[in-house]
Amino acid sequence: VGRLTDHSCVLNASLTQLFNAFQAAEFWKMLYCLLRQVCEDMSRVDTPPMVDQVEYVKAALAHYGYGLRDLYCLPADGSAGSRELLLAFSWLLQKINLLKQLMNVHRLRLGDETSLCTCRRADALDLAEEAVTRSRAWVDIRRLQCLHGKLCFRWRALHSAEHERCAALYKIHSYTRGCSTDLNTDHLSVMETRLIQDPKYGTEMLQLLELESSWLEAYLEWKQCEGIYWQWMESVLNAKLEEGQASDTQDHANANKVTVPGQLSTHTDNYLIGEIDRLSESLGNLQKELQQIVSDRTALWHEKVMARSW
């Protein structure tokens, strides 16, 4: 009986460990999918190997300024870190308003939208590659020339595609002028023109609108339960802090010695120090300017008072 009990305990511990690993792996995949959609404005995301997903999530969180180092020390195979990922996910909800950005990515655009800047967003870069490149002591100039040539070629292709798109929009707007029922515009949009050309497309658009409505309803339900979620997260964070305080001094010292991976920590720390120095200098200059303005206005006020007294 004792042996059976021991085997049962070992089996339960193994099953619990496997469940936690599976849960952590699914959490890594979820964060990768969400961050990839938000950073690169993509509605569909590919599924690279787990190692690449973990590195992307760590680099994206470092880019947004997530400072809890325990997450960056998690293994690259995605086998652990459910609580750390939960804290990071909650931080993203508050820091970058993750849910609203996701709804904006999946929003059904009924009208015609054009942007003044056709370049890729700064936070849509491949953050992991950028961090690795910046951490290198030297870079081959031929590789930089090759990358610059590819960038120029893709920029010209993107500019040409955007020019063709604008020309097509102009033709649609000019040919349908006076047909719109909207008071703000006097022409039809691309979607309205497509509906006239293919009425069956209305069924697909109706399904997309119903899907977007379901997302909005889910968001409203989330807002009603948001307070409970943050109370639960407060208890999770308190439990983590209590565990940190309960650890002995040696473990705490070793934890402080652990740093973010090289491609993330060095550049991030230097960047933050530089930003702090620039902000301090700007604040000093603003304080001097304010003092000068106050002194000038005080002198002007005294002159006006003296002139009126005479």
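Conventions and cut-offs
- Residues numbered from 1 in each chain as written.
- Predicted model: local features only at pLDDT ≥ 70, side-chain atom pairs only at ≥ 80, totals over all residues.
- Heavy atoms only, no water.
- Helix = DSSP H or I, 4+ residues; strand = E, 2+ residues; numbered from the N terminus.
- Buried < 20%, exposed > 50% of the residue type's maximum accessible area, 1.4 Å probe, protein only.
- Areas by Shrake-Rupley, 256 points an atom, 1.4 Å probe, with all protein chains shown as cover.
- Contact = heavy atoms within 4.5 Å.
- Phe/Tyr/Trp six-rings, centres within 6.5 Å; stacked < 30°, edge-to-face > 60°.
- Lys NZ or Arg CZ within 6 Å of the ring centre and 35° of its normal.
- Salt bridge = Lys/Arg side-chain N within 4 Å of Asp/Glu carboxyl O.

### Describing the overall build of the protein
Assigned secondary structure in the protein consists of 11 helices and zero strands. Going from N to C terminus, the protein has its helices and strands arranged as α-α-α-α-α-α-α-α-α-α-α. Relative to its full complement of 310 residues, the protein shows a buried share of 23%. A total of about 22500 Å² of accessible surface is found on the protein, and carbon and sulfur atoms cover 59% of it.

### A look at unusual backbone geometry
Not every positive phi belongs to a glycine, and Asn 97 is a case in point at roughly 55°. Along the chain, Asn 97 falls in the loop between helix H4 (82-95) and helix H5 (98-105). On the basis of relative accessibility, which here comes to 33%, the residue Asn 97 falls in the partly exposed class.

### Regarding the side chain of His 173
Tracing the sequence through the fold places His 173 in helix H7 (residues 141-175). Not counting the four nearest positions on each side in its chain, His 173 is found in contact with Asp 112, His 187 and Leu 188.

### Brief notes about the packing of aromatic side chains
The geometry of an aromatic ring pair comes down to the distance between the two centres and the angle between the two planes. Within the structure shown, the criterion is met by six aromatic pairs. Seen in terms of ring centroids, Tyr 229 and Trp 232 are 6.0 Å apart; in terms of plane orientation they differ by 65°. Their pairing is edge-to-face. Remark: Trp 232 and Tyr 229 occur in helix H9 (residues 201-246); sequence separation between them is three residues, near one turn of the helix. Three or more aromatic residues joined by ring pairs form one cluster here, namely Trp 222, Tyr 229, Trp 230 and Trp 232. Sitting over the ring of Tyr 56, Arg 36 keeps its end group 5.8 Å from the ring centre. Taking the ring centre of Tyr 201 as reference, the NZ or CZ of Arg 194 above it sits at 3.8 Å.

### What about the pattern of salt bridges?
What the rule picks out here adds up to six salt bridges. With its nearest N and O atoms 3.8 Å apart, the salt bridge here joins Glu 26 to Lys 29. A residue pair is termed a helical-turn pair when its members lie 3 or 4 positions apart in one helix, as Glu 26 and Lys 29 do in helix H1 (residues 2-40) at three residues. For Asp 70, the salt bridge is made with Lys 240, and the minimal N-O distance between the two is 2.6 Å.

Worth remembering: the numbers are spatial, not functional.
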